[in-house]
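For reference, the chains in residue letters:
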Amino acid sequence: MTTRLMIKGGVVWSSGGHHRKDIITCEHVIEELRDPGSVPTGEITEVIDAQGYWVMPGVIDSQVHFREPGLEHKETLKTGSLGALLGGVTTFLEMPNTSPSTTSKAALEDKLERARRSSYTNYGFFIGATKDNLVSLKEAHQIPGCCGIKIFLGSSTGDLLLYDPQVLENIFLNTTLPISIHSEDETRLRERRNLRDNAQSVHDHERWRDRETALRSTKMVVELAKKCGRKIHILHISTKDEINFLSQHQDLISCEVTPQHLTLFAPDCYDQLGTLAQMNPPIRSIDHQDGLWQGIFDRTVKIIGSDHAPHTLAEKSVPYPGSPSGITGVQTMLPLMLNYVSQKKLSLPRLIELICENPARHFAFNKGFIAPGYDADLVLINPQKQLTLKNEDMASQSAWTPFHGLRVTGCPDTVIIGGKVAMKNRQVMELATDMSYLNRAIGPRPAIRKPIL
Ligand code: DOR
């Protein structure tokens, strides 16, 4: 029997504003938007009551580390994707610094097979760039489910690292997939390693990996991209200096920020959270945070991604510099950002642009918009509901959040993925094996239709 849902009585949101509409889905796509009260033709298999809810497109998280294979004690595709679902994320794009690193067709196919068996949500995987896998990078666009190429210009968790300009240029000139970049200058990190080795506390993390480390790398890679005429995307921008610089290069370069860089600031975060606030690139002082918000307001920042990077509490409790870098976030990104909406710091249309529409455009997914023909990935938000973020409610294998105890307003209550109800009133549906319809793995670059809202 054909599955047709009716999401009835909600307020449907996009970057263009809001309308009161009923949504009809057919199998995994949105079929039509109807004026409230009009009676749809044909059989409806389930009606979802959306009275009092905001209906928004499912969130696409453009940067998560789900650690499988090899580091399953920190996270798995199952626990990570469950956190995603609970947080209104219907598609995650996962990074290649697992063990082994995802640098070949075989490694990508292994991840896709694991995700097919265990993911609660849609998924896509990045292939990592090394100095000698150009052939794999060139061919990766043929693998449905490979969403892009990841380049670590500075060393972080794992051993992926590539900063040789000649090799970078070859990759820029000879590949077609979207490129996401971790931008920190490895040479400067090495030159100043004594700052890390002689550190007194985690407060020294941002002194070692300072603003110049980030800016220098970003300037270098932008220059190279311009020389090659190659679009690139720079992840987790951490300095106001980079925002100022990138605001002048938006023709070819896009960038994203994390909710934690928009919320935490030094030194308070290190005083209060210790190594739980340790990540790469680091959380910096409030003037940098202000600069990142400025980038959100003036549209230099195109995407917000969680950079969900779990490590266990035991690993995090090793004194700095022995503690690993990374902060969890896939489950808290949407509630935290909705809290900014409730505080009127950010509008819901702009948030939807940053976490649904722009990631969909950037990666050319048939997602991110509520309009006929798009994948039926939808989130029903209760705008009044308050939620206290708690470690014990995190689905992550590394069950903690730096926002433990924070009370936020705005809660993803019901989630529809590919026209199927995956969570209803916070109740997660059993992981059904028949969830794997074709579109579930991010397919090869479908055409984007214009949204009608
Ligand atoms: O802090 C970080 N942790 N930054 C990264 O780029 C990698 C991540 C991880 O995988 O732990």
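Use the structure listed above.
Residues numbered from 1 in each chain as written. Predicted model: local features only at pLDDT ≥ 70, side-chain atom pairs only at ≥ 80, totals over all residues. Heavy atoms only, no water.

**Things to note about the side chain of His233**
Then comes step 1: Inspection of the secondary structure puts His233 in strand β13 (residues 232–234).
Then comes step 2: The exposure class of His233 is buried, given its relative accessible area of 0%.
Then comes step 3: At 2.8 Å, the side chain of His233 and the side chain of Ser254 are in polar contact. (Helix = DSSP H or I, 4+ residues; strand = E, 2+ residues; numbered from the N terminus. Buried < 20%, exposed > 50% of the residue type's maximum accessible area, 1.4 Å probe, protein only. Polar contact = N/O pair within 3.5 Å; in protein donor to acceptor, adjacent residues only side chain to side chain.)

**Some points on the nonpolar core**
What tends to happen in soluble globular proteins is that the nonpolar side chains get buried as a cluster.
Then comes step 1: Among the nonpolar cores identified, the biggest contains 78 residues, and Ile151 and Phe172 are the most heavily contacted of them.
Then comes step 2: Other than its neighbours up to four places away in sequence, Phe172 contacts Ile151, Ile179, Ile181, Val221, Leu224, Ala225, Cys228, Arg230 and Ile232. (Core = buried A, V, L, I, M, F, W, Y, C linked by side-chain atoms within 4.5 Å. Contact = heavy atoms within 4.5 Å.)

**Considerations on the site of the ligand**
Then comes step 1: Close to the ligand lie 15 residues; Arg67, Asn97, Thr157, His182 and Asn280 are nearest.
Then comes step 2: Here an oxygen atom of the ligand sits 2.8 Å away from a polar atom, N or O, in the main chain of Asn280.
Then comes step 3: Within the backbone of Ser325, an N or O atom sits 2.9 Å from a nitrogen atom of the ligand.
Then comes step 4: Its free accessible area being 290 Å², the ligand has 100% of it covered by the protein chains.
Then comes step 5: Residue composition of the shell around the ligand, by class: 3 nonpolar, 10 polar and 2 charged. (Near = heavy atom within 4 Å. Areas by Shrake-Rupley, 256 points an atom, 1.4 Å probe, with all protein chains shown as cover. Nonpolar A, V, L, I, M, F, W, Y, C, P; charged D, E, K, R; others polar.)

**Points about the pattern of salt bridges**
Then comes step 1: Within the structure shown, the criterion is met by 29 salt bridges.
Then comes step 2: Residues Asp132 and Lys131 are paired through a salt bridge, measuring 3.4 Å at the closest nitrogen-oxygen approach. The same class applies to Asp132 as to Lys131, namely exposed.
Then comes step 3: Glu169 is paired through a salt bridge with Lys227; the nearest N and O atoms lie 2.9 Å apart. One end of the pair, Glu169, is in helix α4 (residues 165–174); the other, Lys227, is in helix α8 (residues 211–228), and 58 residues separate them in sequence.
Then comes step 4: The buried category is assigned to Glu169, whose relative accessible area is 16%.
Then comes step 5: When its relative accessible area of 59% is taken as the criterion, Lys227 is described as exposed.
Then comes step 6: A single salt-bridge network, built from bridges that share partners, covers Glu68, Glu72, Asp110 and Arg114. (Salt bridge = Lys/Arg side-chain N within 4 Å of Asp/Glu carboxyl O.)

**A few points about the sheet that holds strand β5 (residues 29–34)**
Then comes step 1: With respect to topology, 4 strands assemble into an open sheet ordered β5-β4-β1-β6, the strand pairing being mixed. The sheet terminates laterally at β5 and β6 (46–49), the two strands that pair on one side only. On average, each strand axis in the sheet is tilted by 20° relative to the strand beside it, whichever way the strands run.
Then comes step 2: Strand direction decides the pairing type here: strand β1 (residues 5–8) and β6, joined by 4 bridges, are parallel. When the bridges of β6 are listed, Ile7 appears paired with Ile48. (Pairing = 2+ DSSP bridges. Axes fitted to C-alpha atoms, helices over the stretch in contact; angles between N-to-C directions.)

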